[in-house]
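Here is what each chain is made of, one letter per residue.
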Amino acid sequence: MEGAMQVASSGGRRLRHAALVARELALDSGRTVTRKELSAAARDAAKALELRNGPRSVLSELVACWGEQGWERLLVWPSNDYLVSRTGMSERGIRKAFRVLIDQQLIVPKESPNGKRYAVKDLAGEIVDAFGFDLTPVYARRGVWAERLIEQKQAREVRKRTFDEITIARRAAQEALGSLSREFPDLDRSDLEERLRGLLARTPLRSTKAMPIDILDEWKSLRSACEEAYYRTGYGGTQCRHTNNNNGSPSEPCNKGFPKKAEPVRSTEQPAEHLSPELILEACPTLSDYGLPVRDLADIVSAGRYLRASLGAHESAWAEAVEDIGTVRAAIAVIYTLQLYEDDVAKNGGESRIKNPGGYFRALTRMVKTGKIDLAVELLAMRRRRMS
């Protein structure tokens with residue numbers, strides 16, 4: 001693979017700081033590097049540095065030329081003609097790839113006295129040295145490549161989660177606006193719809209490399225605003241409403257039987273003293289639909305889990321509520337929402353303005369989470385209305 005190539009043809013060998021830095025890298029003393037090990041390090045380097053196809057192909061061919069000599073430096077000396085034939089690139093493309101690899105501190109040119117690349121042999125014909133390219137930095141920096149690949153993987157995971165959260169927030173906002181449009185067509189939604197259009201226009205596509213962390217907060221804010229508008233409109237300033245269609249959960253029938261008593265409530269989930277089973281029973285007689293005695297918070301949790309299907313709320317709504325506000329408050333939110341329906345139907349002769357009680361429960365949960373709704377205050381108000 002001896003090549004008769006001028007120094008200038010490998011990239012115009014002006015002095016490069018990157019080459020000086022890379023030249024200082026060395027192998028472990030007495031370490032013989034196999035071609036397989038060098039190839040693995042080169043693949044990691046190409047991924048970590050996100051090399052383009054040209055430099056990646058040239059680096060791969062340079063590595064393939066390594067003869068596994070027991071030298072202190074990993075020297076190879078392929079000619080440009082050889083690399084052109086192996087990569088299918090033009091000589092100009094080969095020279096450009098060399099510049100990239102040198103600037104990325106992957107290879108170091110080792111110049112010969114006459115500017116050509118060739119092997120140096122002893123009197124016995126054994127190769128003892130060479131002039132060409134030194135691949136030592138590729139292998140010596142393998143720890144750097146591994147760390148960078150881990151960082152890139154973590155960044156991709158963060159980016160994926162961010163886009164997933166944006167998708168969830170977008171769908172929730174669109175769902176809330178759609179419900180407002182269907183159920184309250186006279187409500188002015190222009191501001192929210194304008195915000196939605198603006199965010200849709202500014203949100204980058206997943207196919208780009210953009211990291212949309214900043215715009216995620218705007219999507220969450222819009223989702224909260226849309227859901228609160230839906231909640232407040234149905235709430236009518238005094239109480240929220242929902243439909244008693246008793247369709248059950250999409251994946252769980254209402255009559256499958258009573259759940260077992262819930263596990264003991266953790267101390268971290270204990271609500272305020274005035275948010276007690278006694279208050280809930282007095283404010284929400286709909287608990288009689290549960291059919292079992294309610295004596296403590298564990299019974300409240302069991303009742304909430306059982307009655308959740310009466311809202312037509314999917315199990316995912318319950319899981320999200322538990323994650324956001326805890327098991328106890330999630331159960332109370334179910335019972336509270338169900339009682340609001342019973343009161344509304346009784347007051348309006350069986351009519352209800354809310355057509356999506358499962359979504360209503362989700363909206364209530366998120367407002368409890370953000371502190372916009374205090375369940376204890378709402379239950380106290382409900383009890384006062386019942387007593388009066």
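Residues numbered from 1 in each chain as written. Predicted model: local features only at pLDDT ≥ 70, side-chain atom pairs only at ≥ 80, totals over all residues. Heavy atoms only, no water.

Before going further, it helps to spend a moment on a nonpolar patch on the surface. Taken together, Val-158, Met-211 and Ile-213 make up a surface patch of nonpolar side chains, about 220 Å² in accessible area. On the secondary structure map, Met-211 appears in the loop between helix H8 (190-202) and helix H9 (213-235). On the basis of relative accessible area, Met-211 is assigned to the partly exposed category, the value being 38%. (Patch = residues over 30% accessible without salt bridge, like charges linked within 9 Å, V, L, I, M, F, W, Y side chains within 5 Å. Areas by Shrake-Rupley, 256 points an atom, 1.4 Å probe, with all protein chains shown as cover. Salt bridge = Lys/Arg side-chain N within 4 Å of Asp/Glu carboxyl O. Helix = DSSP H or I, 4+ residues; strand = E, 2+ residues; numbered from the N terminus. Buried < 20%, exposed > 50% of the residue type's maximum accessible area, 1.4 Å probe, protein only.)

A complete count under the given rule lists 18 salt bridges for this structure. When the shortest N-O distance is used, the salt bridge between Glu-227 and Arg-223 registers 3.4 Å. Of this pair, Glu-227 and Arg-223 both sit in helix H9, four residues apart, which is roughly one turn of the helix. What emerges from the salt-bridge pattern is a single network uniting Arg-223, Glu-227, Glu-320, Arg-362 and Arg-366.

Another aspect to go through is helix H12 (residues 315-325). Within the sequence span of H12, burial applies to Ala-317, Trp-318, Ala-321 and Ile-325. One side of H12 carries all its buried residues, which in axial view fall inside an arc of 100°. (Arc of directions from axis to C-beta.)

Geometrically, a pair of aromatic rings is defined through the distance of the ring centres and the angle of the planes. Scanning the model with the defined rule gives four aromatic pairs in all. For the pair Trp-71 and Trp-77, a centre-to-centre distance of 6.3 Å together with 25° between the ring planes defines the contact as stacked. With relative accessibility at 15%, the residue Trp-71 sits in the buried group. An angle of 40° between the planes, with centres 4.5 Å apart, marks the rings of Phe-98 and Phe-133 as tilted. Of this pair, Phe-98 sits in helix H5 (residues 91-103) while Phe-133 sits in strand E4 (residues 127-134), and the two are 35 residues apart along the sequence. Through a chain of ring-to-ring contacts, three or more aromatic side chains come together here, namely Trp-66, Trp-71 and Trp-77. The cationic tip of Lys-110 hangs over the ring face of Phe-131; the distance from NZ or CZ to the ring centre is 5.4 Å. (Phe/Tyr/Trp six-rings, centres within 6.5 Å; stacked < 30°, edge-to-face > 60°. Lys NZ or Arg CZ within 6 Å of the ring centre and 35° of its normal.)

One non-glycine residue, Glu-50, lies in the positive phi region at around 50°. Along the chain, Glu-50 falls in the loop between helix H2 (35-48) and helix H3 (53-64). Of note, Gln-105 is a non-glycine position whose phi angle comes to about 60°, a positive value. Within the element layout of this structure, Gln-105 appears in the loop between H5 and strand E2 (108-110). According to the relative accessible area criterion, Gln-105 is partly exposed, its value standing at 22%.

This brings us to the packing of helix H4 (residues 80-87) against H5. In the contact formed by H4 and H5, the axes pass within 9 Å of each other and the chain directions differ by 100°. Of the possible angle classes, the one that applies to H4 and H5 is roughly perpendicular. Here Asn-80, Leu-83, Val-84 and Thr-87 of H4 come into contact with H5, specifically with Glu-91, Ile-94, Arg-95 and Phe-98. Partitioning the contact of H4 with H5 into residue classes produces four nonpolar, two polar and two charged. (Axes fitted to C-alpha atoms, helices over the stretch in contact; angles between N-to-C directions. Parallel < 35°, antiparallel > 145°, perpendicular 65-115°, else oblique. Contact = heavy atoms within 4.5 Å. Nonpolar A, V, L, I, M, F, W, Y, C, P; charged D, E, K, R; others polar.)

Here we come to the environment of Glu-378. Tracing the chain through its elements places Glu-378 in helix H15 (residues 375-387). You can call Glu-378 buried: its relative accessible area is 14%. Separated by 42 residues in the primary sequence, Glu-378 and Tyr-336 place their C-alpha atoms 8.6 Å from one another.

Summarising the sheet, strand E1 (residues 75-76) and E4 pair through two bridges and their orientation is antiparallel. In the strand pairing of E4, Leu-75 is matched with Asp-134. In this structure, E2 lies alongside E4, joined through three bridges in antiparallel fashion. Across the sheet, Pro-109 pairs through a bridge with Phe-133, a residue of E4. Sheet topology places strand E3 (residues 118-121) next to E4; four bridges connect them, and they run antiparallel. Paired with Ala-119 across the bridge in E4 is Ala-130. From the end of E3 to the start of E4, which pair antiparallel, there are five residues, and Gly-125 there has a positive phi angle of about 90°. (Pairing = 2+ DSSP bridges.)

Turning our eyes to something else, we now look at the side chain of Thr-203. Position of Thr-203 among the secondary structure elements: in the loop between H8 and H9. Within the structure, the side chain of Thr-203 is placed 2.6 Å from the backbone oxygen of Leu-199, a separation counted as a polar contact. Apart from the residues within four sequence positions on either side, Thr-203 is in contact with Ile-166, Ile-215 and Trp-219. (Polar contact = N/O pair within 3.5 Å; in protein donor to acceptor, adjacent residues only side chain to side chain.)

Our focus in this paragraph is the packing of helix H11 (residues 297-307) against helix H13 (residues 327-347). As a packed pair, H11 and H13 sit with axes 8 Å apart at the nearest point and diverge in direction by 55°. Considering the angle they form, H11 stands oblique to H13. Every pair of crossing elements has a handedness; the one defined by H11 and H13 is left-handed. Contacts from Leu-297, Ile-300, Val-301, Ala-303, Gly-304 and Leu-307 in H11 reach Thr-327, Val-328, Ala-331, Ile-332, Val-334, Ile-335 and Leu-338 in H13. (Left-handed = near helix turned anticlockwise from the far one by under 90°.)

There is a patch of like positive charges on the surface, built from Lys-36, Arg-43, Lys-47 and Arg-56. Sorting elements by how many residues they give to the positive patch places H2 first, with three residues. Looking at the element boundaries, Lys-47 is found in helix H2. A relative accessible area of 48% places Lys-47 in the partly exposed class. (Lys, Arg positive; Asp, Glu negative; His and termini not counted. Charge placed at Lys NZ, Arg CZ, Asp CG, Glu CD.)

Turning to the confidence of the model for the protein, a few remarks are in order. Averaged over every residue, the pLDDT of the protein is 79; residues scoring 70 or more account for 79%. For the stretch residues 1-13, pLDDT sits under 50, and the model shows 41 contacts to residues farther than four places along the chain or on other chains. In the model, residues 237-268 has pLDDT below 50 throughout and makes 78 contacts with residues more than four positions away in sequence or in other chains. (pLDDT = per-residue confidence, 0-100.)

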